[in-house]
Amino acid sequence: MPFSTAVLVLIVLAHAATAGFTGRLPQSIAGDWGFQQADLLGGQWWNVITTMFLSSNTASMLLAAATSAVLLGLAESTVGTRRTAALFLASQLAGVVLYAAMVGLGSRAGLEWPAGMLGATLLGPFAASAGTLMAASQAISVLWRRRLRVLVMAGVLMLTVYVGHAQHVFILVAALAGLILGRLLVPAVGQGVVRRSTSREVRTNLALVVAVFAIGPVAAAAAHVPVGPLAVLRGWITSQDISGVQAGCVNAMAGCHGSLHDFALLNSGGHVLALMPMVLLLVCAEGLRRGNRLALWVAVYLHLVIGVVSAVYFQVFAGFGVPLRLGRRALSINESVWELLPVVLVPLVIAALLVMLRRHFSIDPDPALRRRSLVVLPVLLLAFVGLYAVAWFAEGNMRSSQGMAGLLASIPRMVLPYPFPWSYVAAVYPHGFFSALLFSLGGSVLWLLSAFSILAVFLSRRTQTGPADAHKAEQLVRRGGDSLSWMTLWANNEYWFNAAGTVAVAYQAHSGVAVTVGGPVGSARDYVPAMDEFLDFCARESLTPCFYSVTAAVADPLLERGFRSIVVAQETLLDVRGMNFKGKDWQNVRTALNKAAKLGVRPLWCSYSQLTSGQRTAVQEISEDWVSSQALPELGFTLGGLEELKDPNVQLCLAVDESGHIHAVTSWLPVFSKGEVVSWTLDFMRRNPVAFNGVMEYLIAQAVYYFAETVECISLSGSPLATSGEQDSSLGRILALLARTLEPVYGFASLANFKQRFQPRHRPLYLMYQDPLSLPAMGRAVGESYMPNVSVRTLAKVLRKS
């Protein structure tokens, strides 16, 4: 990336030559070589170029170097060196022209914000670099193009409307110019203009808008003299400054002066409390991203409240004699109506936008969790207020803080993140350690606990599956499916049905990912259109589709739709009618059969309901003994346990000796096609610790003999995660870590090696994914599917041992 490197070097050298590495850029050099709006018509045209390599101080130089290295580096690696250099210069020139025109027209129209930029000096490569990256984004895929543009434009727009310095406006217009230049000069990859977005993208963009509005006041508070249209909202945070306490105490009660040493704590608590609306809006943004309907209406309500409160906020300040400030300039309410209008309109516009696009939010939270939160939140409020009242009375505030009126007046300041004037705060500030502590920090703790409770509600979802759905799914399983189809009927699965009702997909939702249990079930001819419907369903529900353990019959159509594949298991298939266990390769199996004959062991084929009470107890003891020896409980998802044995359609095979002692047990799941059983899949495998060696080989050999009379092929299933380590991808590495973690506990690789003794033919099982960014979430979702009830502490213990 020679051009990016050259720009970086020029920035460093220019700063060393003009200011040194410890000083600031001299004003004379900034005036002669930096760009101002008047330079465009004043003859110093070279300033448009030279200003890109100047920095006001060393910190600014380091930021400029990093910006050019990252943004220009990304652009150069995408469109090449020559085109990047051309776009860099073109973005700077276009940005300068647009900026100069906007400032000139705005100042002539009498607008104070643009007029304040007339004398501003613009230094650094920030605008040109942003414009270059926006132009180069035309040459990347639609998915990354949209995300990159939204990220950059949202960040720049936030800085412009909240901080509003000339540099931020310059970057914004240059980025917009870059978008136009990219459209004109850079060949597009895929669609040039994306006119329609999925519901997921709409939700993501709306969540980003809400998040930007939430953190904007913090950016304005951190800036030096912000002047943007929404800069006045920094008062929600900066009004907590204790510099006004002395003045507030002049006319307050005498005890106020004795408590001034406690106001450092009040100052910190006030700042934290002022941030709580931002926290709650960020919680709403995450709920919006996940398509939660309740999060939508909470966000609408909060923005309406912010708009209304902002309208009266300034009147309250004026009523207490505190002038509103925009930067260094004090504003009266009457003369600042145009400056304050955006503060009120922006949250109302966001609320209206959310209402207009409400059709994209269709996920309802868990009703039980929602009802619980409706009880918990008021109880929390009453608990904090009650505790504060007890401390207030116990520490003698009744005599020194204006009596009961002082208590009632202090409670709103404790729990509401409103910028109360300091004359009010000083008058109601309590005396005593505990009451002052709760007054200062209690509200922040209350809001944080409430935010966590609300976030849990937003992350939950109403389960749609009921008994009728399970019955319908079973009917479709009998029409057709694959070797894992019977597992779709197990607990914890949800069902989706196509519009015609001929195909179902079983899945589990974890971390916003829908992990399917194998492929679709039902009418095979409808699988492909049904998968398209299922993808639309996932988009509406804000779920990332993850087709797990599917065969090539499902994987191939998905590959045509832009999915990618990872092999997560090799299914072992036995053609039972051609197996006779003769020859050297079958020595282990013949040994197991001979040993069983000597010990008088015989196979017992039955369903769980046909077992005697003693046999059921023995099976439970075998299973419990195996589970108790593991560091983790039984896995779920595609691995059955005792509950799954009780299904009357599941066949059990027990190795039982003449005394009735059970050596081992296996279970076999039916595979249907057009209402008839066409195969069986091995699931449950448990052996008694004192069973003879080779008992599992014996049971599988007996299965070969037993099923050869009715089917041509049986499946020993795929060993979960046993081949994930072979994959060279992010998700492959995540699943490989999960496999290495669970291998000492469950022995998936050992199980796969054991199945090789039966010389099977193999069929790969794939995990299909569409978005590379969702790979970490998919890895987590697969882990949660197998281990839904494992605590973090238990899992951490296993990770340390593996």
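Residues numbered from 1 in each chain as written. Predicted model: local features only at pLDDT ≥ 70, side-chain atom pairs only at ≥ 80, totals over all residues. Heavy atoms only, no water.

Let us look at the packing of aromatic side chains. Scanning all chains against the criterion turns up 22 aromatic pairs. Geometrically, the ring pair formed by W486 and F672 is tilted, given 5.9 Å between the ring centres and 35° between the ring planes. On the criterion of sequence distance, the pair formed by W486 in the loop between α24 (467-479) and β3 (494-497) and F672 in strand β11 (residues 662-673) is long-range, its members being 186 residues apart. By relative accessible area, W486 is classed as buried at 1%. Pairing W496 with F534 gives two aromatic rings, centres 5.5 Å apart and planes at 65°, and the pair type is edge-to-face. You can see W496 sitting in strand β3 and its partner F534 sitting in helix α25 (residues 527-540), a full 38 residues away along the chain. For the pair shown, W496 and F534 are each scored as buried. Joined through ring pairs, the aromatic side chains of W496, Y507, F534, F537, F547 and F563 make up one cluster. In this structure, K472 packs its charged tip against the face of F497, placed 4.5 Å from the ring centre. (Phe/Tyr/Trp six-rings, centres within 6.5 Å; stacked < 30°, edge-to-face > 60°. Helix = DSSP H or I, 4+ residues; strand = E, 2+ residues; numbered from the N terminus. Buried < 20%, exposed > 50% of the residue type's maximum accessible area, 1.4 Å probe, protein only. Lys NZ or Arg CZ within 6 Å of the ring centre and 35° of its normal.)

If you look at the biggest cluster of nonpolar residues, it comprises 46 residues, and the most contacted ones within it are V515, Y548, L654 and L767. Looking at this core element by element, the count peaks at 5 residues for helix α33 (residues 775-786). Filtering out sequence-adjacent residues up to four positions away, L654 remains in contact with R602, P603, L604, L611, V619, I662, A664, V665 and L699. Counting 38 residues, the second-largest nonpolar core is a separate cluster that includes A211, L281, L288 and I350. (Core = buried A, V, L, I, M, F, W, Y, C linked by side-chain atoms within 4.5 Å. Contact = heavy atoms within 4.5 Å.)

Moving on, we get to the pattern of salt bridges. Per the stated rule, a full pass over the model turns up 10 salt bridges. E286 is paired through a salt bridge with R290; the nearest N and O atoms lie 2.8 Å apart. Across the pair K646 and E643 runs a salt bridge whose closest N-O atoms are separated by 3.1 Å. We classify K646 as partly exposed; its relative accessible area is 40%. (Salt bridge = Lys/Arg side-chain N within 4 Å of Asp/Glu carboxyl O.)

Glancing now at unusual backbone geometry. In the Ramachandran plot, S511 falls in the positive-phi region, its phi being about 55° despite a non-glycine side chain. Checked against the element boundaries, S511 lands in the loop between β4 (503-510) and β5 (513-516). Backbone geometry at K674 places phi at a positive 55°, although glycine is not the residue there. Topologically, K674 is positioned in the loop between β11 and β12 (676-687). Take K674: its relative accessible area is 77%, and that puts it in the exposed class.

For an α-helix the count is 3.6 residues per turn, leaving residues at separations of three or four pointing the same way. Here helix α27 (residues 587-598) contains 12 residues, and its C-alpha end-to-end distance of 17 Å stays within 8% of the 16 Å for a straight helix at 1.5 Å per residue. What α27 keeps buried is the set V589, A592, L593 and A596. Angularly, the buried residues of α27 cover 95° about the axis, an arc narrow enough to put them on a single face. Those residues of α27 hidden inside the fold are in contact with α30 (695-707). (Expected span 1.5 Å × (residues − 1). Arc of directions from axis to C-beta.)

A separate point is the side chain of S717. With respect to the helices and strands, the residue S717 is situated in strand β13 (residues 713-718). Excluding anything up to four places from it in sequence, S717 contacts L484, Q570, E571, T572, T681, L682 and K755.

Time to look at the packing of helix α5 (residues 58-79) against helix α8 (residues 126-136). With their axes 9 Å apart at the nearest point, α5 and α8 run at an angle of 20° to one another. With respect to α8, the axis of α5 lies roughly parallel. Note on packing geometry: the crossing formed by α5 with α8 is left-handed. Across the interface between the two elements, S60, L63, A64, T67, S68, L71, L72, L74, A75, T78 and V79 from α5 touch F126, S129, A130, T132, L133 and A136 from α8. Here the residues of the contact of α5 with α8 sort into 11 nonpolar, 6 polar and no charged. (Axes fitted to C-alpha atoms, helices over the stretch in contact; angles between N-to-C directions. Parallel < 35°, antiparallel > 145°, perpendicular 65-115°, else oblique. Left-handed = near helix turned anticlockwise from the far one by under 90°. Nonpolar A, V, L, I, M, F, W, Y, C, P; charged D, E, K, R; others polar.)

Attention now goes to the environment of Q44. Within the element layout of this structure, Q44 appears in the loop between α3 (39-42) and α4 (47-50). Judged by its relative accessible area of 26%, Q44 falls in the partly exposed class. In sequence terms Q44 and G34 are 10 residues apart; their C-alpha atoms lie 9.7 Å from each other. Each residue touching Q44, except ones within four places of it in the same chain, is listed here: G31, D32 and D39.

With that settled, consider helix α6 (residues 81-108). Its 28 residues place the ends of α6 41 Å apart at the C-alpha level, agreeing with the 40 Å of an ideal helix rising 1.5 Å per residue. Those residues of α6 not exposed but buried are T84, L87, F88, S91, Q92, G95, V96, Y99, A100, V103, G104 and G106.

With that settled, the discussion passes to the confidence of the model for the protein chain. Here the protein chain shows a mean pLDDT of 80. Residues at 70 or above account for 79%. Of the regions scoring below 50 in pLDDT, residues 316-335 engages in 34 contacts with residues more than four places distant in sequence or in other chains. (pLDDT = per-residue confidence, 0-100.)

We now examine the pairing of β3. Residues of β3 alternate between two faces, with E494 and W496 on one and Y495 and F497 on the opposite face, all of them buried. Examined bridge by bridge, β3 and β4 share 4 bridges and lie antiparallel to one another. From the neighbouring strand, F497 faces β4, where its bridge partner is A504. Two successive antiparallel strands, β3 and β4, enclose a turn made up of 5 residues, where G501 displays a positive phi of approximately 75°. (Pairing = 2+ DSSP bridges.)

Before going further, it helps to examine the environment of L459. Following the sequence through the fold, L459 ends up in helix α23 (residues 433-459). The exposure class of L459 is partly exposed, given its relative accessible area of 38%. Residues L459 and G291 lie 168 residues apart in sequence; the distance between their C-alpha atoms is 9.5 Å. Setting aside its immediate chain neighbours within four residues, L459 contacts E286 and R290.

On the surface, a nonpolar cluster with roughly 320 Å² of combined accessible area is contributed by L304, L345, L348 and V349. Take the nonpolar patch: its biggest share by element is 3 residues, from helix α18 (residues 337-356). By the secondary structure assignment, V349 is in helix α18. V349 gets classed as exposed once you look at its relative accessible area, which sits at 53%. (Patch = residues over 30% accessible without salt bridge, like charges linked within 9 Å, V, L, I, M, F, W, Y side chains within 5 Å. Areas by Shrake-Rupley, 256 points an atom, 1.4 Å probe, with all protein chains shown as cover.)

So, on to the side chain of T488. If you trace the backbone, T488 turns up in the loop between α24 and β3. Accessibility expressed as a relative area gives 2% for T488, which makes it buried. Within the structure, T488 has its side chain in polar contact with the backbone oxygen of S485 (distance 2.5 Å). When sequence neighbours within four positions are dropped, the list of residues in contact with T488 reads V477, N493, Y495, A506, V517 and V521. (Polar contact = N/O pair within 3.5 Å; in protein donor to acceptor, adjacent residues only side chain to side chain.)

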